[in-house]
Amino acid sequence: MTKNFSLTEPGMACPCCGRNEVNLDLLDALQSVRDLLELPIIITSGYRCNKHNISIGGKPGSSHKKGLAVDIAINSSHYGYKIIKAIMKSERFVRIGYGDMNGVLTLHLDIDPDKTQNVFWGY
């Protein structure tokens, strides 16, 4: 695990079944952003089993199901600006999405090598 993240971190395990298959490289990438940000990162969704992914409308090929993605909460515009700056500086996440999940602005960060790289999208 890392200085600020572990597999027992709230939000990392699937809320449906409790399984947690988060990739350790993902934790390392999160830690690199956390070190630059110098502020907490709140994970809203980490690993998802197929059943949970379907129940929340996730895409069939979601990187969450492979343990290669997390969604994080953005609680203010100032925080959002700072975390985007840290993400870009870390150069560890090459797939970044943003959107509203039940009234909470979130960023999707993933390291899935099987998908298009260096992309930013809304959902």
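Along each chain, residues carry numbers from 1 onward, in the same order as the chain's sequence is written. Under the rules for a predicted model, residues below a pLDDT of 70 receive no local features and side-chain atom pairs below 80 are neither given nor counted, while totals for whole chains, interfaces and linings still include all residues. Values shown for side chains rest on all heavy atoms present in the structure; no hydrogens or waters enter the calculation.

A. Structural view of helix H3 (residues 77-90). Between its terminal C-alpha atoms H3 stretches 20 Å, which fits the 20 Å expected from 14 residues at 1.5 Å a residue. Residues of H3 that are buried in the fold lie against helix H1 (24-37), strand E2 (69-73), strand E3 (95-101) and strand E4 (104-110). A run of H or I in DSSP becomes a helix once it reaches four residues, and a run of E becomes a strand once it reaches two; helices and strands are each numbered from the N terminus. With its phi angle positive at about 60 degrees, Glu 91 sits one or two positions after the end of H3. Multiplying one less than the number of residues by 1.5 Å gives the expected span of a helix. When checking whether two residues touch, look at their non-hydrogen atoms; a contact exists if any pair is within 4.5 Å.

B. How the structure looks around the nonpolar core. One finds Ile 72, Ile 83, Phe 93 and Leu 109 to be the most contacted residues of the largest nonpolar core, which totals 27 residues. Listing elements by their share of this core, those giving two or more residues are H1, E2, H3 and E4. It is H1 that contributes the most residues to this core, 6 residues altogether. When near neighbours in sequence (up to four residues on either side) are disregarded, Phe 93 contacts Leu 26, Ala 29, Leu 30, Val 33, Ile 87, Leu 109, Asp 110 and Ile 111. We define a nonpolar core as any set of buried Ala, Val, Leu, Ile, Met, Phe, Trp, Tyr and Cys residues linked to one another through side-chain atoms lying within 4.5 Å. Relative accessible area decides the class of each residue, using a 1.4 Å probe on protein chains only: under 20% of the type maximum gives buried, over 50% gives exposed, and in between gives partly exposed.

C. A look at the environment of Leu 105. Following the sequence through the fold, Leu 105 ends up in strand E4. Between the C-alpha atoms of Leu 105 and Ser 76, which are 29 residues apart in sequence, the distance is 8.8 Å. Setting aside its immediate chain neighbours within four residues, Leu 105 contacts Ile 72, Ala 73, Ile 74 and Gly 99.

D. The arrangement of the state of the cysteines in detail. In plain terms, two cysteine sulfur atoms within 2.5 Å form what is called a disulfide here. Scanning all chains against the criterion turns up 0 disulfides. The structure places no disulfide on Cys 14, whose sulfur is separated from the nearest cysteine sulfur, that of Cys 49, by 3.6 Å.

E. Main features of the side chain of Thr 106. Locating Thr 106 in the fold gives a position in strand E4. With relative accessibility at 1%, the residue Thr 106 sits in the buried group.

F. Up close: the environment of Arg 92. On the secondary structure map, Arg 92 appears in the loop between H3 and E3. In the structure, Arg 92 is positioned 75 residues away from Cys 17 in sequence and 29 Å away in space, judged by C-alpha atoms. Setting aside its immediate chain neighbours within four residues, Arg 92 contacts Asp 25, Asp 28, Ala 29, Ser 32, Ile 87 and Ile 111.

G. Focus on the side chain of Ser 32. Summarising the element assignment, Ser 32 is placed in helix H1. Polar contacts involving the side chain of Ser 32 include one to the main-chain carbonyl oxygen of Ala 29, which spans 2.6 Å. For Ser 32, the contacting residues outside a window of four places in its chain are Ser 90 and Arg 92. Polar contact is the term for a pair of N or O atoms within 3.5 Å; when the atoms are in protein, one must be able to donate a hydrogen and the other to accept it, and sequence-neighboring residues count only if both atoms are side-chain atoms.

H. Seen up close, the sheet that holds strand E5 (residues 119-122). Taking strand neighbours across the sheet as the criterion, the 5 strands line up as E1-E2-E4-E3-E5 in an open arrangement whose pairing is mixed. The open sheet has two edge strands, strand E1 (43-45) and E5, and neither has a second partner. In this sheet, neighbouring strand axes are inclined to one another by 30 degrees on average, regardless of whether the strands run parallel or antiparallel. As paired strands, E1 and E2 are joined by 2 bridges and run antiparallel to one another. In the strand pairing of E2, Ile 43 is matched with Ile 72. An axis is simply a line fitted to the C-alpha atoms; with a helix, the fit covers only the stretch in contact. Between two such axes, the angle follows the N-to-C directions and lies from 0 to 180 degrees. Each of E1, E2 and E4 is contacted by H1, which is oriented at about 35 degrees to E2, the strand it contacts most. The strands that H3 touches are E2, E3 and E4; relative to E4, the one it contacts most, it runs at about 5 degrees. For two strands to be treated as a pair, DSSP must find no fewer than two bridges joining them.

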